[in-house]
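# Residue-level structural notes
Listed below, chain by chain, are the residues.
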Amino acid sequence: MASSSVVVKLASVLIICMTVIALHIQVSEAASCNAEITALAPCLTYLRGSSSSPSSKCCSGCKSLIKTTNTKSKRQAACNCLKSSATEYKVLASRAQQLPSKCSFSIPYAISTSTDCSKVN
């Protein structure tokens, strides 16, 4: 009987550890996503169609985001964040696709909600 009690306790500890790790990952991803949204917040008037061109702050935010997403995993996380945020913030796809040329930067993948972020290098 004592051995089954130990197994139950170990299983409980394992479940608690897995839950804590999963929550930590979710909080880290959310914090990261906030950074992307904050960097691109000045672009919203352009991305929603309220202004004819992106502001200098918008372009600076884009370029800053490119610099800070300097690893494959960071670029993939940013891609996922921005894809999920595009609908929430009512971003016009055509405006998002024009940002690289309007702000004079390039990225090696299409800006689209259909982009497979797992393939972003």
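Higher on the page you've got the structure.
Here goes a summary of the coordinates provided. If you're wondering where the values come from, they're calculated on a predicted model, not measured in any experiment. (Residues numbered from 1 in each chain as written. Predicted model: local features only at pLDDT ≥ 70, side-chain atom pairs only at ≥ 80, totals over all residues. Heavy atoms only, no water.)

Of regular secondary structure, the chain possesses 5 helices and 0 strands. Ordering the α and β elements of the chain from the N terminus gives α-α-α-α-α. In the chain, which comprises 121 residues, the proportion classed as buried is 24%. Considering only contacts in the chain between residues 6 or more positions apart, those separated by 24 or more positions represent 74%. Here the chain has roughly 8,100 Å² of accessible surface; of this, 63% comes from carbon and sulfur atoms. (Helix = DSSP H or I, 4+ residues; strand = E, 2+ residues; numbered from the N terminus. Buried < 20%, exposed > 50% of the residue type's maximum accessible area, 1.4 Å probe, protein only. Contact = heavy atoms within 4.5 Å. Areas by Shrake-Rupley, 256 points an atom, 1.4 Å probe, with all protein chains shown as cover.)

When you line up the elements, Leu82 lands in helix 4 (residues 72–88). For Leu82, a relative accessible area of 30% puts it in the partly exposed group. Not counting residues within four places of it along the chain, the set of residues in contact with Leu82 comprises Glu36, Leu40 and Leu65.

Following the sequence through the fold, Thr115 ends up in the segment after helix 5 (93–103). Polar side-chain contacts of Thr115 include one of 2.7 Å to the backbone oxygen of Ala110. Residues contacting Thr115, with those up to four places away along its chain left out, are Cys79, Lys83, Tyr109, Ala110 and Val120. (Polar contact = N/O pair within 3.5 Å; in protein donor to acceptor, adjacent residues only side chain to side chain.)

Further remarks concern the state of the cysteines. What the rule picks out here adds up to 4 disulfides. One disulfide bridge connects Cys43 with Cys58, the sulfur atoms lying 2.0 Å from each other. Looking down the S-S bond of the Cys43 and Cys58 bridge, the torsion is 100°, so its handedness is right-handed. Of this pair, Cys43 sits in the loop between helix 1 (2–40) and helix 2 (44–47) while Cys58 sits in helix 3 (residues 56–68), and the two are 15 residues apart along the sequence. There is no split in this pair, since Cys43 and Cys58 are both buried. In this model Cys79 forms its disulfide with Cys117; the gap between the sulfur atoms is 1.9 Å. Looking along the S-S bond of the Cys79-Cys117 disulfide, the torsion reads about -70°, which is the left-handed sense. Residue Cys79 is located in helix 4, and its partner Cys117 is located in the segment after helix 5; the two are separated by 38 residues in the primary sequence. Residue class for Cys117 comes out buried when judged on its relative accessible area of 2%. (Disulfide = S-S within 2.5 Å.)

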